[in-house]
Amino acid sequence: MIIPVLNEIENIDTLIQRLQKSDYNSEFLFVDDGSDDGTREVIKHASEINKNIVPVFNNYRLGHMGSYLAGLKKATSDNIIIMDGDLQHPPEVLPEFYKVFLSGFKIIIGTRYMGRHFNGYRKLTRGIISRGAEIILKAAVPRCRNIIDPLSGYIGFKHSLNIPVDAKMKGNKLLPFLLVSNPNAKVGYVPYKFSEREGGKSKIVSGGTNFVWNYIREVQDIRRTELSIGTNELKSN
């Protein structure tokens, strides 16, 4: 399991406690992207007590994609789960991901838009931004049009899948790249109740309007990846 974190001192203790109570027997790789608020020290201390907690400390700021890849290089299981470290993704549903893996699904999406907790609690502005981003993605990327919650950050997938991203990419969402790069992969879902972060600030939207242009460039990268996968498949046939 890969958990990218950056300055989550207000959430990290609670997250570790909830992970340990989740009945999900796994290694928890905390990939710290340069925290300077004490987050690293908490992770290091927890790893000395619990062998399942594995610290991965980036030497310099890599961003989301770089942190995902740093975690993947250290992961030893073929069943990979990625979740945020801000308590918006409940660790309590981790056993459900494992059940879906056992059913043969290659990509698993933790979604806010299914089940009895549809959408959960979120601020109006956050909801508008999220839905707007999804509309843009589905308009530009055909593979994502029939997918529920294609921008989810709470995901599971097989380590053996094609993962065509590198540390130089500045995007925040791995799931769309997985979807377009593995068009035949069976997709399953785990519903969960979304919660606003309890402490700290969002790293994605805190940079002002720049995140809009960054997201548009990310969608362009996803579409280019989709086109390249389709071209390669045609050549192989």
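Calculation criteria
- Residues numbered from 1 in each chain as written.
- Predicted model: local features only at pLDDT ≥ 70, side-chain atom pairs only at ≥ 80, totals over all residues.
- Heavy atoms only, no water.
- Helix = DSSP H or I, 4+ residues; strand = E, 2+ residues; numbered from the N terminus.
- Buried < 20%, exposed > 50% of the residue type's maximum accessible area, 1.4 Å probe, protein only.
- Arc of directions from axis to C-beta.
- Contact = heavy atoms within 4.5 Å.
- Core = buried A, V, L, I, M, F, W, Y, C linked by side-chain atoms within 4.5 Å.
- Axes fitted to C-alpha atoms, helices over the stretch in contact; angles between N-to-C directions.
- Parallel < 35°, antiparallel > 145°, perpendicular 65-115°, else oblique.
- Left-handed = near helix turned anticlockwise from the far one by under 90°.
- Patch = residues over 30% accessible without salt bridge, like charges linked within 9 Å, V, L, I, M, F, W, Y side chains within 5 Å.
- Areas by Shrake-Rupley, 256 points an atom, 1.4 Å probe, with all protein chains shown as cover.
- Salt bridge = Lys/Arg side-chain N within 4 Å of Asp/Glu carboxyl O.
- 1 Å grid on protein atoms, 1.4 Å probe; cavity = no way out; pocket = protein on both sides within 12 Å on 5 of 7 lines; lining within 4 Å.
- Points joined across faces, edges and corners; volume = space filled by probe spheres on them.
- Nonpolar A, V, L, I, M, F, W, Y, C, P; charged D, E, K, R; others polar.
- Phe/Tyr/Trp six-rings, centres within 6.5 Å; stacked < 30°, edge-to-face > 60°.
- Lys NZ or Arg CZ within 6 Å of the ring centre and 35° of its normal.

(A) Molecular detail of unusual backbone geometry. Positive phi values are uncommon outside glycine, yet asparagine 7 reaches one of about 55°. For asparagine 7, the position within the fold is in the loop between strand E1 (2-5) and helix H1 (12-20). In this structure, leucine 87 takes a positive phi of about 75° despite not being glycine. Examined against the element boundaries, leucine 87 turns out to sit in the loop between strand E4 (79-82) and helix H4 (94-102). The buried category is assigned to leucine 87, whose relative accessible area is 3%.

(B) Examining helix H2 (residues 39-49) more closely. Buried residues of H2: Thr39, Arg40, Val42, Ile43, Ala46 and Ser47, and no others. What you see down the axis of H2 is that its buried residues fit within an arc of 160°, all on one side. Exposed side of H2, more than 90 degrees from the buried face: Glu41, Glu48 and Ile49 are the residues found there. Of the surrounding elements, those touching the buried residues of H2 are E1, H1, strand E2 (28-32) and strand E3 (53-57).

(C) Examining the nonpolar core more closely. Counting residues in each nonpolar core, the largest one holds 37 residues, and the members touching the most others are Ile82, Ile107, Leu137, Phe157, Val165 and Leu174. Looking at this core, the elements with two or more residues in it are E2, helix H3 (63-74), E4, strand E5 (107-111), helix H5 (124-140), strand E6 (155-158), helix H6 (175-181) and helix H7 (210-236). In terms of nonpolar packing, the next biggest core, distinct from the first, is built from 27 residues, Leu15, Phe30, Ile108 and Phe194 among them.

(D) Here's a closer look at the packing of H1 against H2. Running from amino to carboxyl end, H1 crosses H2 at an angle of 25°, the nearest separation of the two axes being 10 Å. Classed by the angle they form, the pair H1 and H2 counts as roughly parallel. The chirality of how H1 crosses H2 is right-handed. Of the residues in H2, those in contact with Ile12, Asp13 and Ile16 of H1 are Thr39, Val42, Ile43 and Ala46.

(E) How the structure looks around a nonpolar patch on the surface. Judged by side-chain polarity, Val212, Trp213 and Ile216 come together as a nonpolar surface patch covering roughly 280 Å² of accessible area. Topologically, valine 212 is positioned in helix H7. Taking relative accessible area as the criterion, valine 212 reaches 36% and is therefore assigned partly exposed.

(F) Inspection of empty space enclosed by the protein at higher detail. Under the criterion given, the structure shown has 1 cavity of 30 Å³ or more. Here the largest cavity is characterised by a volume of approximately 30 Å³. What lines the largest cavity is simply Tyr68, Ile82, Ser152, Gly153, Ile155, Asn172, Lys173, Leu174 and Leu175. Across the lining of the largest cavity, the residue classes tally to 5 nonpolar, 3 polar and 1 charged.

(G) View of the packing of aromatic side chains. Per the stated rule, a full pass over the model turns up 2 aromatic pairs. Taking the centre distance of 4.9 Å and the plane angle of 40° together, the rings of phenylalanine 97 and tyrosine 154 count as tilted. Here the residue phenylalanine 97 occupies a position in helix H4, and tyrosine 154 occupies one in the loop between H5 and E6, the gap between them amounting to 57 residues. The pair phenylalanine 97 / tyrosine 154 is uniform in exposure class, with both members buried. An aromatic cluster of at least three residues, connected via ring pairs, comprises Phe97, Tyr154 and Tyr192. Its end group placed over the ring of tyrosine 113, arginine 131 keeps NZ or CZ at 3.9 Å from the ring centre. A cation sits over an aromatic face here: lysine 186 above phenylalanine 105, 4.5 Å from the ring centre.

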